[in-house]
Amino acid sequence: MSNQLSAMLRAWRENKTDTEWVLGTVYRTEGSAYRKAGAMMLINGNGQQFGLLSGGCLEADIIRNARRAMVTNKTIMLVYDGNDEDDLSFRLGVGCGGKVFIMLQPLDHANDLGLSDLCDALMVRQSGLYFQKVGDTRGYFKRADHTGQRTGYIENRSDGDWLVTPIVPEPHILIVGGGLDARPVVSIAHEMGWKTTLVDPRPANARPEHFPKAGTILRQIDTTLVDYVAQHRVDTAILMSHSIDIDAKALQILKSSQLRHVSMLGPRHRFVDVLERAEIAEPALPFPVASPAGIDIGGQLPESIALSMLSGIHAALYKLDAAPALAQAAE
């Protein structure tokens, strides 16, 4: 199962009446830490965990303390100090060396800490802010458009400290072209918990038996794609049909959409050809286009090229610094 928050919440919702549940949250860190403030994990009475609050080294102790939260129905506060020789995390050999503050909040039928509202929002790909009272059993979710800060932060109120965690749905990729090299793109994206939509008008391509992990397969490249992008909140597209006509048609249509980023497979001169076929000037595009697609990792096979493209998309969506393939191609 994916460690994405939406997958964790689906597992909780499907089984929430079968056993006890606890929400574990990192509410503060000092120094280096594997997960940052706002990271969440769900633990049930069967000892199952969904998500991670560390690299896996602290989870056994977190689950043990979650049992205490279930029995007492009170929030349990934990601190793991990787610099303290007497601390459990140090003895476990945690290499980060920082300090992690975690709270374990019990869930019950009367108080789900607003997780139902949060789950409903993620099902329709709605972003927002999640509020948790530090050291208490209170929490709620508020829907709001949000694409800025990703980590949680403490908000000081008259009744104490509240952790505020920005919630953004996992990325949704539209993949234009269902050839052999699209298979690892869909598979890796699925493993990451991302949503995928595959579109290819050619009957021999994008066959369901070759793409069992694809969320949706479409057969038409027409103006309805703009509505689909808006309705399903698609974030980015990869144009990899190996057909200049198909890529040009898709780009011509998608330039009216709200996509945040587009990647195009192939060398830079092919992108120029696609622009000419689509009768588009690059400055007129409302989104940045990575062409060649991805980050230059020296890959040649479909799997490594898929990794390169998805890495480039991850960097673009999460605003991280990474060397684009374009920089290499321009040298």
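Reading the values: the criteria
- Residues numbered from 1 in each chain as written.
- Predicted model: local features only at pLDDT ≥ 70, side-chain atom pairs only at ≥ 80, totals over all residues.
- Heavy atoms only, no water.
- Salt bridge = Lys/Arg side-chain N within 4 Å of Asp/Glu carboxyl O.
- Helix = DSSP H or I, 4+ residues; strand = E, 2+ residues; numbered from the N terminus.
- Buried < 20%, exposed > 50% of the residue type's maximum accessible area, 1.4 Å probe, protein only.
- pLDDT = per-residue confidence, 0-100.
- Contact = heavy atoms within 4.5 Å.
- Expected span 1.5 Å × (residues − 1).
- Pairing = 2+ DSSP bridges.
- Axes fitted to C-alpha atoms, helices over the stretch in contact; angles between N-to-C directions.

1. Remarks on the pattern of salt bridges
Counted under the stated rule, the structure contains 15 salt bridges. Aspartate 235 is paired through a salt bridge with arginine 125; the nearest N and O atoms lie 3.0 Å apart. Pair noted here: aspartate 235 is in the loop between α6 (224–231) and β13 (236–239) and arginine 125 is in the loop between α4 (115–123) and β6 (128–133), with a separation of 110 residues, a long-range link. The exposure class assigned to arginine 125 is buried, which follows from its relative accessible area of 7%.

2. Some details on the confidence of the model for the protein
Taken over all residues, the pLDDT of the protein has a mean of 90, while the share at 70 or more is 90%. Counting interchain partners and residues more than four positions distant, the pLDDT-below-50 stretch residues 322–331 has 17 contacts.

3. Points about helix α9 (residues 302–318)
An ideal rise of 1.5 Å per residue puts 24 Å on 17 residues; α9 measures up with 24 Å between its terminal C-alpha atoms. Every buried residue belonging to α9 is among Ala306, Ser308, Met309, Leu310, Gly312, Ile313, Ala315 and Leu317, and all of these are buried. Of the surrounding secondary structure, the elements contacted by the buried residues of α9 are β10 (172–176), α5 (183–191), β13 and β14 (261–264). Following α9 by one or two positions, lysine 319 adopts a phi angle in the positive range, close to 55°.

4. Some points on the sheet that holds β6
Here four strands make up an open sheet; going across it, the order is β7-β6-β9-β8 and the pairing antiparallel. Across the chains shown, the open sheet's two edge strands, defined by having one partner strand only, are β7 (139–143) and β8 (153–157). Across the sheet, the axes of successive neighbouring strands diverge by a mean angle of 25°, strand direction being ignored. In this structure, β8 lies alongside strand β9 (residues 160–167), joined through five bridges in antiparallel fashion. Its bridge partner being in β9, arginine 157 is matched across the sheet by glycine 160. Set on the sheet, α4 makes contact with β6, β7 and β9; between it and β7 the angle comes to about 30°.

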